[in-house]
Amino acid sequence: MHQPPLPDLTRNDPEVATLIEAEARRQFETIRLIPSENYVSTAVLEACSSVLTNKYSEGYPGKRYYEGQQVIDPIEELAIERAKALFGVEHVNVQPYSGSPANLAIYLAFASPGDTIMSVELAHGGHLTHGSPVSITGKWFRPVHYHVRRDTGRIDLDQARDLARAERPKLIFCGGTALPRTIDFPAFAEIAREVGAILVADISHIAGLIAGGAHPSPVGYADVISTTTHKTLRGPRGAMLMSTAEHATALDKAVFPGLQGGPHNHTTAGIAVALREASLPDFRRYAHQTVANAKALAAALIERGYDLVSGGTDNHLILIDLTRQEIGGKPAAKALDRAGIELNFNTVPYDPRKPWNPSGIRLGTPAVTTRGLTEEQMPQIAAWIDEAIQAARKDDEATLTRIRGEVRELLAAYPMPGWAPTPA
Ligand SMILES: *Cc1c(COP(=O)(O)O)cnc(C)c1O
């Protein structure tokens, strides 16, 4: 059953309670390899479901537009102070509702509609909010994109430098959603400095690795750092903007009143709890184990003949081109889901197929590492992935069902915060 338990919800609204219970069980019984997902602690769950959701607090600590902030102010200040200490930054805003509004606030703070911005293209591992044509950021601004190199699968810094010199962007984004290699923050800082651009490091995917010392930090290189709080950082759904003191006012004004109304105080408390957890020695071990697991999984997949973009991984994430396996990313991901292995279909760089059924799948180890899986289990996971993909090509449902059972059996030994077997 769900932890903490849901007795009132079960009594008063069994329809919703039953669905939440089903999702908790699904999360318990599935190998969750979606690299942007994780399991938050029950402490974070408790903070997020607290009475703080009842309170309106437009403004910032000490300067609110509503009364009754005696308790909310210290909660937000605690979250800010913990983030400052954890990442070593001068300024933090913990109010963005999620990663996308956080990024939009950066545009509002530093650019005007029509201005040129530069980022890695979505199909090469970027994010929608880095100027994709379907995003408001691509419609209202003028994006130019650098790419990953065809031969190495790694960011083409020479192209980024040339493009920046030619286009003089206001904002340069580094970081993305499907980049398996270390981001070279010093190199991007040099490019941004040369052309007078604001450098934004979007560390949404790798914030937990940075906090845990398993990926270099952009602090001291990026003017602005944007991150979600719910990926490797293992907090509630939310986001933070971090910067030097110089940009503090511009960012704060852009978040409120520029873009948002009242902050979600229950989320702020959850972020504060997650930031404390991320400052403990256990979290450092977690961050390093996440990377070790990804490297072990990558090695096992390569051994089975899989073509990994860039030939491997430095972080928590693996991007596979399934062209060699003669199956699309989408049918592969759907078959794996039926086998109890959850990941997502994804474009690969220079993908000849359309984004709705691309050539690749994207996977990662943040969630399975939280469950306690180590390098020891990675070859077995790679074997299941391989077997399920072969089965999908032959419409062999029986094999998928068999794997699903084996997965459930393995995971029964690895507890999940948020769900526990019902006591007999
Ligand atoms: C996840 C992500 C975001 C957006 O976060 P949402 O909370 O989904 O809006 C932005 N940038 C990057 C690089 C991300 O990975």
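Not measured: the values here are computed from a predicted model.

## Concerning the domain arrangement of the protein
According to the domain assignment, the protein consists of domain 1 (47-278) and domain 2 (292-411). Just the C-alpha atoms count here: the centres of domain 1 and domain 2 sit 29 Å apart. With 20 residues of domain 1 in contact, the opposing surface of domain 2 contributes 18 residues. Across the interface of domain 1 and domain 2, roughly 1600 Å² is buried in total on both sides, 53% from carbon and sulfur atoms. At the surface where domain 1 touches domain 2, the tally comes to 1 salt bridge. Between Arg 181 and Asp 314 there is a salt bridge whose closest N-O contact spans 2.8 Å. Summed over the shared surface of domain 1 and domain 2, the result is 11 residue pairs in polar contact (both at pLDDT 80 or more).

## Things to note about the packing of helix α7 (residues 157-167) against helix α8 (residues 185-195)
In the contact formed by α7 and α8, the axes pass within 9 Å of each other and the chain directions differ by 15 degrees. The angle between α7 and α8 falls in the class roughly parallel. Helix-helix and strand crossings are classified by hand; for α7 and α8 the assignment is right-handed. Contacts between α7 and α8 involve Leu 157, Ala 160, Arg 161, Ala 164 and Arg 165 on the former and, on the latter, Ala 187, Phe 188, Ile 191, Glu 194 and Val 195. Taken together, the residues of the contact of α7 with α8 break down into 7 nonpolar, no polar and 3 charged.

## Regarding the site of the ligand
As a structural note, the neighbourhood of the ligand is formed by 13 residues, with Ser 98, Ser 100, Asp 202, His 205 and Lys 231 the closest of them. A distance of 2.6 Å separates a nitrogen atom of the ligand from a polar atom in the side chain of Asp 202. At 2.7 Å from an oxygen atom of the ligand is found a side-chain nitrogen or oxygen belonging to Lys 231. The fraction of the free accessible surface of the ligand (380 Å²) that becomes covered by protein chains is 87%. It is helix α5 (residues 99-110) that provides the largest number of residues to the shell around the ligand, a total of 3 residues. Class assignment for the residues of the shell around the ligand results in no nonpolar, 11 polar and 2 charged.

## Thoughts on the packing of aromatic side chains
Within this structure, the stated rule accounts for 9 aromatic pairs. Relative to Phe 256, the ring of Tyr 60 has its centre 6.5 Å away and its plane inclined at 75 degrees; by these criteria the two rings are edge-to-face. Of this pair, Tyr 60 sits in strand β2 (residues 59-60) while Phe 256 sits in helix α10 (residues 248-259), and the two are 196 residues apart along the sequence. Judged on exposure class, the residue Tyr 60 and its partner Phe 256 are both buried.

## Some details on the packing of helix α12 (residues 281-303) against helix α15 (residues 378-393)
Between α12 and α15, whose axes approach to 8 Å, the crossing angle comes to 45 degrees. As far as their axial angle goes, α15 and α12 are oblique. By crossing handedness, the relation of α12 to α15 is classed as right-handed. Along its contact with α12, which presents Asn 293, Ala 296, Leu 297, Ala 300 and Leu 301, the element α15 presents Met 378, Pro 379, Ile 381, Ala 382 and Ile 385. Partitioning the contact of α12 with α15 into residue classes produces 9 nonpolar, 1 polar and no charged.

## Here we look at the side chain of Asp 202
Looking at the element boundaries, Asp 202 is found in strand β8 (residues 198-202). Buried and unpaired, Asp 202 has no salt bridge, with Lys 231 as the nearest side chain of opposite charge at 6.7 Å. Polar contacts involving the side chain of Asp 202 include one to the side chain of His 130, which spans 2.8 Å. A polar contact of 2.7 Å, which involves the side chain of Asp 202, links it to the side chain of Ser 204. Not counting residues within four places of it along the chain, the set of residues in contact with Asp 202 comprises Asn 103, His 130, Cys 174, Gly 175, Gly 176 and Ser 226.

## Digging into the side chain of Glu 29
Along the polypeptide, Glu 29 turns up in helix α2 (residues 14-29). Not counting residues within four places of it along the chain, the set of residues in contact with Glu 29 comprises Gly 340, Val 407, Arg 408 and Leu 411.

## Here we look at the nonpolar core
If you look at the biggest cluster of nonpolar residues, it comprises 49 residues, and the most contacted ones within it are Phe 87, Ile 172, Ile 203, Leu 233 and Met 240. Per-element accounting of this core gives the leading share, 6 residues, to α8.

## Quick look at the sheet that holds strand β6 (residues 142-146)
The 7 strands are arranged β4-β10-β9-β8-β7-β5-β6 in an open sheet whose pairing can be described as mixed. Pairing within the sheet leaves two strands with one partner each, and these edge strands are β4 (91-93) and β6. Between one strand axis and the next, the sheet turns through 20 degrees on average, direction left out of account. Sheet topology places strand β9 (residues 224-228) next to strand β10 (residues 239-243); 5 bridges connect them, and they run antiparallel.

## Quick notes on a nonpolar patch on the surface
The grouping of Tyr 56, Tyr 65 and Tyr 66 at the surface amounts to a nonpolar patch, some 360 Å² of accessible area in total. Relative to the helices and strands, Tyr 65 resides in the loop between β3 (63-64) and α4 (72-87). Its relative accessible area of 59% is what places Tyr 65 among the exposed residues.

## Concerning α12
For α12, with 23 residues, the first-to-last C-alpha span of 33 Å sits near the 33 Å given by 1.5 Å per residue. Among all positions in α12, only Phe 283, Tyr 286, Ala 287, Thr 290, Val 291, Asn 293, Ala 294, Ala 296, Leu 297, Ala 298, Ala 300 and Leu 301 are buried. Gly 305 sits one or two positions beyond α12 and adopts a positive phi of about 90 degrees.

## Some words on the pairing of β10
Among the 5 residues that make up β10, 5 are buried, leaving the element largely enclosed by the rest of the structure. With burial as the criterion, each face of β10 is covered, one bearing Ala 239, Leu 241 and Ser 243 and the other bearing Met 240 and Met 242. Note that β4 and β10 share 3 bridges and pair antiparallel. Directly across from Val 92, in β10, lies its bridge partner Met 242.

Rules used throughout
Residues numbered from 1 in each chain as written. Predicted model: local features only at pLDDT ≥ 70, side-chain atom pairs only at ≥ 80, totals over all residues. Heavy atoms only, no water. Domains from an automatic or database assignment. Contact = heavy atoms within 4.5 Å. Buried area = accessible area lost by both parts, 1.4 Å probe. Salt bridge = Lys/Arg side-chain N within 4 Å of Asp/Glu carboxyl O. Polar contact = N/O pair within 3.5 Å; in protein donor to acceptor, adjacent residues only side chain to side chain. Axes fitted to C-alpha atoms, helices over the stretch in contact; angles between N-to-C directions. Helix = DSSP H or I, 4+ residues; strand = E, 2+ residues; numbered from the N terminus. Parallel < 35°, antiparallel > 145°, perpendicular 65-115°, else oblique. Left-handed = near helix turned anticlockwise from the far one by under 90°. Nonpolar A, V, L, I, M, F, W, Y, C, P; charged D, E, K, R; others polar. Near = heavy atom within 4 Å. Areas by Shrake-Rupley, 256 points an atom, 1.4 Å probe, with all protein chains shown as cover. Phe/Tyr/Trp six-rings, centres within 6.5 Å; stacked < 30°, edge-to-face > 60°. Buried < 20%, exposed > 50% of the residue type's maximum accessible area, 1.4 Å probe, protein only. Lys, Arg positive; Asp, Glu negative; His and termini not counted. Core = buried A, V, L, I, M, F, W, Y, C linked by side-chain atoms within 4.5 Å. Pairing = 2+ DSSP bridges. Patch = residues over 30% accessible without salt bridge, like charges linked within 9 Å, V, L, I, M, F, W, Y side chains within 5 Å. Expected span 1.5 Å × (residues − 1).

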